[in-house]
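# Survey of secondary and tertiary structure
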Amino acid sequence: MTAWLLPVLAGFCTGILSAWGVGGGTLLLLLMTLFLGVKQADAMAINLLYFLPTAAMGLLYHRKNGLGGSVLLRYFETGRSFNMAATAVDVSLLRRPFGVYLLLAAASLLLQEKKGGKA
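Worth saying up front: this structure is predicted, and the values here are computed from it rather than measured. (Residues numbered from 1 in each chain as written. Predicted model: local features only at pLDDT ≥ 70, side-chain atom pairs only at ≥ 80, totals over all residues. Heavy atoms only, no water.)

What follows covers the overall build of the protein. Across its full length, the protein holds five helices and zero strands. Counting helices and strands in the order they occur from the N terminus, the protein gives α-α-α-α-α. Across the 119 residues that make up the protein, the buried fraction comes to 9%. For the protein, the share of sequence-separated contacts (at least 6 apart) that also reach a separation of at least 24 residues comes to 28%. (Helix = DSSP H or I, 4+ residues; strand = E, 2+ residues; numbered from the N terminus. Buried < 20%, exposed > 50% of the residue type's maximum accessible area, 1.4 Å probe, protein only. Contact = heavy atoms within 4.5 Å.)

Put into structure tokens, the structure is as follows:
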């Protein structure tokens with residue numbers, strides 16, 4: 001009966017972190033693959049579904065503040081290009097580079113915090 005509690009709690013917490021700009025989708029991916037035993041391909045599909053409402057709300061917010069238009073479309077096209085490239089490559093080839101990227105991103109944030117910069 002409580003098997004659903006951890007996934008729901010994880011989704012709720014990563015949703016809050018996403019709203020703060022922390023990157024809750026990345027955290028959700030790690031949680032699903034490392035702790036919940038979800039296959040990486042399934043976790044990526046769930047993460048895409050998780051991203052859709054977040055992206056929709058972001059789009060509404062940007063339009064409300066007059067930030068829509070060609071700049072926003074460029075971001076969408078860039079993301080689409082990366083998505084197409086990532087789906088053409090075997091998942092096992094992407095695991096290590098993605099892990100290295102996460103470690104470098106974390107180190108960068110820690111160094112900024114240590115220097116007194118705003119993360």
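Tracing the backbone shows Val-38 in the loop between α2 (24-34) and α3 (40-64). Taking relative accessible area as the criterion, Val-38 reaches 22% and is therefore assigned partly exposed.

Turning our eyes to something else, we now look at the nonpolar core. Listed in full, the five residues of the largest apolar core are Leu-28, Leu-29, Met-32, Ala-43 and Tyr-50. Secondary structure elements with two or more residues in this core: α2 and α3. With three residues, the top contributor of residues to this core is α2. Contacts of Met-32, omitting those with residues within four sequence positions, involve Gly-37, Val-38, Ala-43, Ile-46 and Asn-47. (Core = buried A, V, L, I, M, F, W, Y, C linked by side-chain atoms within 4.5 Å.)

Turning to the packing of α2 against α3, a few remarks are in order. Between α2 and α3, the shortest axis-to-axis distance is 9 Å and the interhelical angle comes to 150°. In terms of orientation, α2 and α3 fall into the roughly antiparallel class. Crossing angle aside, the handedness with which α2 passes α3 is right-handed. Judged by residue contacts, Gly-24, Gly-25, Leu-28, Leu-29, Met-32 and Thr-33 of α2 engage Gln-40, Ala-43, Met-44, Ile-46, Asn-47 and Tyr-50 from α3. Among the residues forming the contact of α2 with α3, the class breakdown is seven nonpolar, five polar and no charged. (Axes fitted to C-alpha atoms, helices over the stretch in contact; angles between N-to-C directions. Parallel < 35°, antiparallel > 145°, perpendicular 65-115°, else oblique. Left-handed = near helix turned anticlockwise from the far one by under 90°. Nonpolar A, V, L, I, M, F, W, Y, C, P; charged D, E, K, R; others polar.)

With that settled, the discussion passes to a nonpolar patch on the surface. Together, Leu-6, Leu-27, Leu-30, Leu-34, Phe-35 and Leu-36 line one region of the surface with nonpolar side chains, adding up to about 560 Å² of accessible area. With three residues, the top contributor of residues to the nonpolar patch is α2. One can find Leu-34 in helix α2. (Patch = residues over 30% accessible without salt bridge, like charges linked within 9 Å, V, L, I, M, F, W, Y side chains within 5 Å. Areas by Shrake-Rupley, 256 points an atom, 1.4 Å probe, with all protein chains shown as cover. Salt bridge = Lys/Arg side-chain N within 4 Å of Asp/Glu carboxyl O.)

The next thing to look at is the confidence of the model for the protein. Confidence along the protein averages 75 in pLDDT terms, with 72% of residues attaining 70 or more. By mean pLDDT, helix α4 (residues 70-88) is the weakest element of the protein at 63, and helix α5 (residues 91-114) is the strongest at 81. (pLDDT = per-residue confidence, 0-100.)

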